[in-house]
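Chain and residue survey
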Amino acid sequence: NNSVNANFALRLDPENTLRFYHYLFDGRRNFSLIIPTEVRTKYENTDTRSLVEWERKHKRFTSLAKIALLTEEFRYYANVYNENHSGGNVNTLIGKLDLGYDLGSHAQVNAIFSYNSNKGEGSSIPEERRNIGAASVLFKQTLGTRFVYEISGRKEVTSAYESPFLYSAGASCQFSEFYGLSFNTSKNFRIPTFNDLYWENSGNADLKPETSYQAEVGNSFRIKDFTARLTGYYMDITEMIRWLPTGSNWRPINTDKVRAYGAEFNAAYEKKFGDHYLKFSGNYAYTVSEDAETGNQLIYVPYHKTTFSAAYEKAGYSFFYQLVGVGEVFTRSDNASQYNLKGYALSNVGGSYAFGKNDTYQIGVQLRNVFNTAYQSVASREMPGRNYIFYLNLNF
């Protein structure tokens, strides 16, 4: 793949700034084969993203206006040796206006208006259009130096679906240097994407939008150079949109009721002594995501997942070690154990050296899957064994 991006900014006066961002991506990839006799395939895509942004600050008033144009085009070759292909493209226009006002007493209110227009067509679908307008109001206030709370409301109007009123609320309090507590809750709504609806030979035009309620409580701890956070959450999802295997293809469906809950623990230790820098970090997540009617865990969602990393830097040299552990997952909705994918643990190591003025050049190497572990993330899709990455970065 190849990509090019360019960003420009112009300060018109002390109150007004104009910015422009552009990104171009062109890529080609081949999909992995389940059996050696399968026909080789190819996928090509060209995407662009352009954004113009105007920011104005005047006393207590701020405004941020954005206009973006996104283009996406793909070509799929069912036989890599044949020029016949299918394809599709989507053009997206996005407009957004964020108006903010400082109310004093450490309080801020924002009104946000947005408009999103999609137009897509492909080999197997006629031209499809979707227009979405939305308005939101957000309020945030800091009380003293320790307590912050915020609330928001949002309403969408779309040409395709009836959207409910959405809300979110949250608060956090830093009781001491050692301990902080946070809480948030929200109602969320997601409509199917064009890929969900119209992906050739897989899309499902009958999909319903997804609605969910969620709540989260977080506890943060700090002792000098050591930090930790323990978070618990619960989600209740209606008409959850999931892509599931159906024979050799995957297809999106709605799952009527899904409960998801669990806990996540993060910890990190950072230390600088002279020109040496050392960091250890780890994460553990316990996740239950189950069909509320059957009580079965959703496929490809592990109960347990953990990561650990250690890094060391000195005078342009840097080294790291990473451990990733993923528990077993179910590949069938009935949770039949004979079809489980076993859990696995992967180790990665690497090092790099930065040199030149302002570390202009960086050369490095990584060894991934150090112990050559055989594993699969998706059934019948073998993942790489021991592999190497060599790289040279030039910053100018």
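Here is a short report on the structure shown in this document. (Residues numbered from 1 in each chain as written. Predicted model: local features only at pLDDT ≥ 70, side-chain atom pairs only at ≥ 80, totals over all residues. Heavy atoms only, no water.)

1. Some details on the layout of surface pockets
Inclusion rule: Buriedness of a pocket was judged along seven lines, with at least five required to meet protein on both sides within 12 Å; pockets are open sets of points on a 1 Å grid over the protein atoms alone, cavities are sets where a 1.4 Å probe fits but cannot get out, and lining residues have an atom within 4 Å of a point. Grid points are joined across faces, edges and corners, and a volume is the space filled by probe spheres set on the points. Helix and strand labels come from DSSP, where a helix needs a run of H or I of at least four residues and a strand needs a run of E of at least two; each type is numbered from the N terminus. Here the nonpolar group is Ala, Val, Leu, Ile, Met, Phe, Trp, Tyr, Cys and Pro; Asp, Glu, Lys and Arg are the charged ones; every other residue, Gly included, is treated as polar.
The calculated volume of the second largest pocket comes to roughly 900 Å³. Sorting the residues of the lining of the second largest pocket by element identifies β3 (42-58), β4 (61-77), β5 (86-104), β6 (107-122), β7 (125-143), β8 (147-158), β10 (179-190) and α1 (194-198) as the ones contributing at least two each. No other element matches the eight residues that β6 contributes to the lining of the second largest pocket. Looking at the lining of the second largest pocket, its residues break down into 16 nonpolar, 14 polar and ten charged.

2. Some words on a nonpolar patch on the surface
Convention followed: The residues that make up patches have over 30% relative accessible area and no salt bridge, and they are joined within 9 Å when like-charged or within 5 Å when they are Val, Leu, Ile, Met, Phe, Trp or Tyr. Each accessible area is a Shrake-Rupley estimate made with a 1.4 Å probe; only the visible protein chains count as cover when residues are assessed. For salt bridges, the criterion is a side-chain nitrogen of Lys or Arg within 4 Å of an Asp or Glu carboxyl oxygen. Between buried and exposed lies partly exposed: a residue is buried under 20% and exposed over 50% of the maximum accessible area for its type, with that area taken using a 1.4 Å probe on protein chains only.
On the surface, a nonpolar cluster with roughly 660 Å² of combined accessible area is contributed by F8, L10, L12, L18, F20, V52 and W54. Elements supplying a minimum of two residues to the nonpolar patch: β1 (2-13), β2 (16-29) and β3. Among the elements that make up the nonpolar patch, the one with the highest residue count is β1 (three residues). Note that W54 resides in strand β3. A relative accessible area of 43% means that W54 is categorised as partly exposed.

3. Side note on the nonpolar core
The test is simple: We define the nonpolar core as a collection of buried residues of types Ala, Val, Leu, Ile, Met, Phe, Trp, Tyr and Cys that are connected through side-chain atoms lying within 4.5 Å of one another. Here a residue-residue contact requires only that any non-hydrogen atoms of the pair lie within 4.5 Å.
If you look at the biggest cluster of nonpolar residues, it comprises eight residues: I132, Y161, L166, F189, I191, L197, L207 and I241. Apart from residues lying up to four places away in sequence, F189 is in contact with E156, E162, S163, P164, L166, P209, E210 and T211. Judged by nonpolar contacts, the second largest core, of five residues, contains V324, V326, Y344 and Y375.

4. Remarks on the packing of aromatic side chains
Stated formally: Aromatic rings from Phe, Tyr and Trp, taking only the six-membered ring of Trp, are treated as a pair when their centres fall within 6.5 Å; an angle between ring planes under 30 degrees marks them as stacked, one over 60 as edge-to-face, and anything in between as tilted. Charge-over-ring placement is defined geometrically: NZ (Lys) or CZ (Arg) within 6 Å of the ring centre, and within 35 degrees of the ring normal.
Taken as a whole, this structure holds 19 aromatic pairs when the rule is applied. Between the aromatic rings of F31 and Y76, the centroid separation amounts to 6.1 Å while the plane-to-plane angle is 45 degrees, which identifies the pairing as tilted. Pair noted here: F31 is in the loop between β2 and β3 and Y76 is in strand β4, with a separation of 45 residues, a long-range link. Under the relative-accessibility criterion, F31 is labelled partly exposed at 32%. When its relative accessible area of 29% is taken as the criterion, Y76 is described as partly exposed. Connected via pairs of aromatic rings, a cluster forms that spans F31, Y43, F74, Y76 and W199. Here the guanidinium or amino end of K42 rests over the ring plane of Y77, the centre of that ring lying 4.4 Å away. Note that R332 overlies the ring of Y339, its terminal NZ or CZ placed 3.7 Å from the centroid.

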